[in-house]
Structures are given as C-alpha cells and as structure tokens.
Amino acid sequence: IPDSEEKPIFFVEVVFQEDSNIYSRLFTEVNFYLRQYQPENDWFAVVIYPSRSLDTAKIKHYRESFASGRVSRIYLDELGENASLPIGIATIKLVIENEDKAIQEARELITRTSQEIDSAQQQQILQLIETILIYKLPSMDIKEIQEMFELSDLKQTRVYQQAFEEGELRGKLLAIPPMLAAGLTVEQVAQALDLTVDEVRKVDREKPNR
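Note that this is a predicted model, so its numbers are computed, not measured.

We now examine the overall build of the protein chain. Within the protein chain, the secondary structure is distributed over 11 helices and 3 strands. Overall, the protein chain shows an N-to-C arrangement of helices and strands of β-α-β-α-β-α-α-α-α-α-α-α-α-α. Split into buried and exposed, the 210 residues of the protein chain put 41% on the buried side. Here the contacts in the protein chain between residues at least 6 apart in sequence split such that 65% fall between residues at least 24 apart. As displayed, the protein chain offers around 12600 Å² of accessible surface, 48% of which is attributable to carbon and sulfur atoms.

Another aspect to go through is the nonpolar core. Grouped together as the largest cluster of nonpolar side chains are 39 residues, with contacts concentrated most on Ile 129, Phe 149, Ile 176, Met 179, Val 189, Leu 193 and Val 200. Where this core is concerned, the elements lending two or more residues are β2 (43–49), α3 (87–93), α4 (99–116), α5 (119–136), α9 (168–181), α10 (186–193) and α11 (197–206). Listed in part, the 18 residues of the second largest apolar core include Phe 11, Ile 22, Tyr 23 and Val 47.

Before going further, it helps to examine the pattern of salt bridges. Between side chains of opposite charge, pairing is possible as soon as their charged atoms come close. Taken as a whole and assessed by the stated rule, the structure comprises 7 salt bridges. As a salt-bridge pair, Arg 25 and Asp 19 come within 2.8 Å of each other at their nearest N and O atoms. Of the charged contacts, one joins Arg 52 and Glu 78 as a salt bridge, the two residues approaching to 2.9 Å between their closest N and O atoms. Linking Arg 52 in the loop between β2 and α2 (63–67) with Glu 78 in the loop between β3 (71–75) and α3, this pair joins segments that are 26 residues apart in sequence.

This part takes up a negative patch on the surface. Together, Asp 141, Glu 144, Glu 147 and Asp 194 make up a negatively charged patch on the protein surface. Among the secondary structure elements, Glu 144 is positioned in helix α6 (residues 142–148). Residue Glu 144 is classed as partly exposed on the basis of its relative accessible area of 38%.

This paragraph deals with the packing of aromatic side chains. Per the counting criterion, the structure on display carries 8 aromatic pairs. Ring geometry for Phe 11 and Tyr 33: centres 5.5 Å apart, planes at 85°, overall edge-to-face. In this pair, Phe 11 sits in strand β1 (residues 9–14) while Tyr 33 sits in helix α1 (residues 22–37), placing the two residues 22 residues apart along the sequence. On the basis of an interplanar angle of 45° and a centroid distance of 4.7 Å, the ring pair of Tyr 33 and Tyr 37 is categorised as tilted. One end of the pair, Tyr 33, and the other, Tyr 37, are both in helix α1, 4 residues apart, so they sit about a helical turn from each other. On the accessibility criterion, Tyr 33 (12% relative accessible area) is buried. Chaining the aromatic ring pairs together yields one cluster made of Phe 11, Phe 27, Tyr 33, Tyr 37, Trp 43 and Tyr 62. The lysine or arginine in question, Arg 70, covers the ring of Trp 43, its NZ or CZ lying 4.7 Å from the ring centre. Positioned over the ring face of Phe 44 is Arg 70, at 6.0 Å from the centre of the ring.

Below, the discussion takes up unusual backbone geometry. The phi angle at Gln 38 is positive, at roughly 45°, despite the residue not being glycine. Within the secondary structure layout, Gln 38 lies in the loop between α1 and β2. Taking the relative accessible area as the measure of exposure, Gln 38 reaches 62% and is therefore exposed.

Within β2, 6 of the 7 residues are buried, which leaves the element mostly enclosed by the surrounding structure. Sheet topology note: the β1/β2 ladder contains 6 bridges and is parallel. By the bridge assignment, Val 12 is partnered in β2 with Val 46. Following the backbone out of β1, through α1 and into the adjacent parallel β2, one traces a crossover that is right-handed.

If you walk across this open sheet you meet the 3 strands as β1-β2-β3, and the pairing is parallel. Edge positions in the sheet fall to β1 and β3, since each of these pairs with one other strand and no more. Averaged over neighbouring strand pairs, the angle between their axes works out to 20° when direction is ignored. Seen against the sheet, α1 touches β1, β2 and β3 and runs at an angle of roughly 155° to β2.

Calculation criteria
- Residues numbered from 1 in each chain as written.
- Predicted model: local features only at pLDDT ≥ 70, side-chain atom pairs only at ≥ 80, totals over all residues.
- Heavy atoms only, no water.
- Helix = DSSP H or I, 4+ residues; strand = E, 2+ residues; numbered from the N terminus.
- Buried < 20%, exposed > 50% of the residue type's maximum accessible area, 1.4 Å probe, protein only.
- Contact = heavy atoms within 4.5 Å.
- Areas by Shrake-Rupley, 256 points an atom, 1.4 Å probe, with all protein chains shown as cover.
- Core = buried A, V, L, I, M, F, W, Y, C linked by side-chain atoms within 4.5 Å.
- Salt bridge = Lys/Arg side-chain N within 4 Å of Asp/Glu carboxyl O.
- Patch = residues over 30% accessible without salt bridge, like charges linked within 9 Å, V, L, I, M, F, W, Y side chains within 5 Å.
- Lys, Arg positive; Asp, Glu negative; His and termini not counted.
- Charge placed at Lys NZ, Arg CZ, Asp CG, Glu CD.
- Phe/Tyr/Trp six-rings, centres within 6.5 Å; stacked < 30°, edge-to-face > 60°.
- Lys NZ or Arg CZ within 6 Å of the ring centre and 35° of its normal.
- Pairing = 2+ DSSP bridges.
- Right-handed = clockwise from strand over helix to strand, strands pointing away.
- Axes fitted to C-alpha atoms, helices over the stretch in contact; angles between N-to-C directions.

Dropping the structure here:
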C-alpha cells in the first residue's frame, strides 16, 4: 500500500526465463490489488528482462496498457553503463554481467548505496547485491563475499545491525525466492546458502501465489 494518495503504485516483475503467462499473471495481480485495496493512487508496472529475446509472451489482451505507457518493459542488456542507472536497476543488471564485471560493478554499487540511499533502504539493496553475487560466484559463501566486498561501512548502519541480530538464517530464507526466480535449481540454492534441500523447498511451497 503506498504512503500517500499522490504516490503512484508500482508493480515490478523480474523475468529471467521465458514465461508465456507473465502478463496474464501481472494483470491478475494488479486487478486483485486494486479490488482489495481500492486505492486512489494511479498505478504503473515494469517488467524487467535480461534481454529482449526472452520477452515472448503475447500482449494482445493488454496492448492498451503498453501503448499508454502504464506498463513498460526494460531489457537489461540494452541499457547504458551502471553508473548512469538508478541503483535498483543497476543492481538487477548484475545478473547478466560476466563474473569479473559483476565484481567491479558490485563494489561500485555498494559505495553508491552507502552514499545515496537512506538507512531505511540500505539493507534491502545490500541483501539484493549479496543474493546476486551468490548466484554469480557459486564457489564462495556469504561470509567470503561480505569480506571480499568490504561491507564494513554498511554493517555499521543501525538497519544492518538490527537485521543481523534477527539471525543469519532469516536472511538466507529471504534470499531463496529471488534466487529461484533467477533460474537456480533448489539444489543449487541449498548449496549456495548452506541450507538443506527440504528447507529451500519449504520456503518455495509457502511463497504467496501470484
């Protein structure tokens, strides 16, 4: 639910594999939200793809929303350099970078996060960066990644400390859905996060249906 009547509602979908039902699910989600909350706010949706070739779903029944600009599509490999992009988009773009560039871009994003993002959102961005790095650097565990990227500045923030105190397990469980959405198997996620396959499957089963 948005904070004010003037603030638009944004629906964001990140798609890392072909999905013929992505738009039908998106508009089902939008309509369910509008019916349940009946907000006064306007709404917009963004669908993010690694490349245009994965955007294969038909838009026939929704073309007016695309034509009006209410729904937009972003193809990460067609964007410019990360430094010129919003931090959220630049972070997701890490997924399509090669390993060496992902490491370089991640360091720059961590610096930008500490300088540009308020403390209430720093932990969310940091967690997303870590999740993507786990996917990009499967031979390293979370602690090695944290040490490699020298996250000490962000670790001193009140939000990070509170999140850490809630337990490392909770952080791992929160990382499962985006990693599965990125195309990793249950077994790969379990290995990357040092969890059991049953723990990963349990989280996958309990995620909200769209």
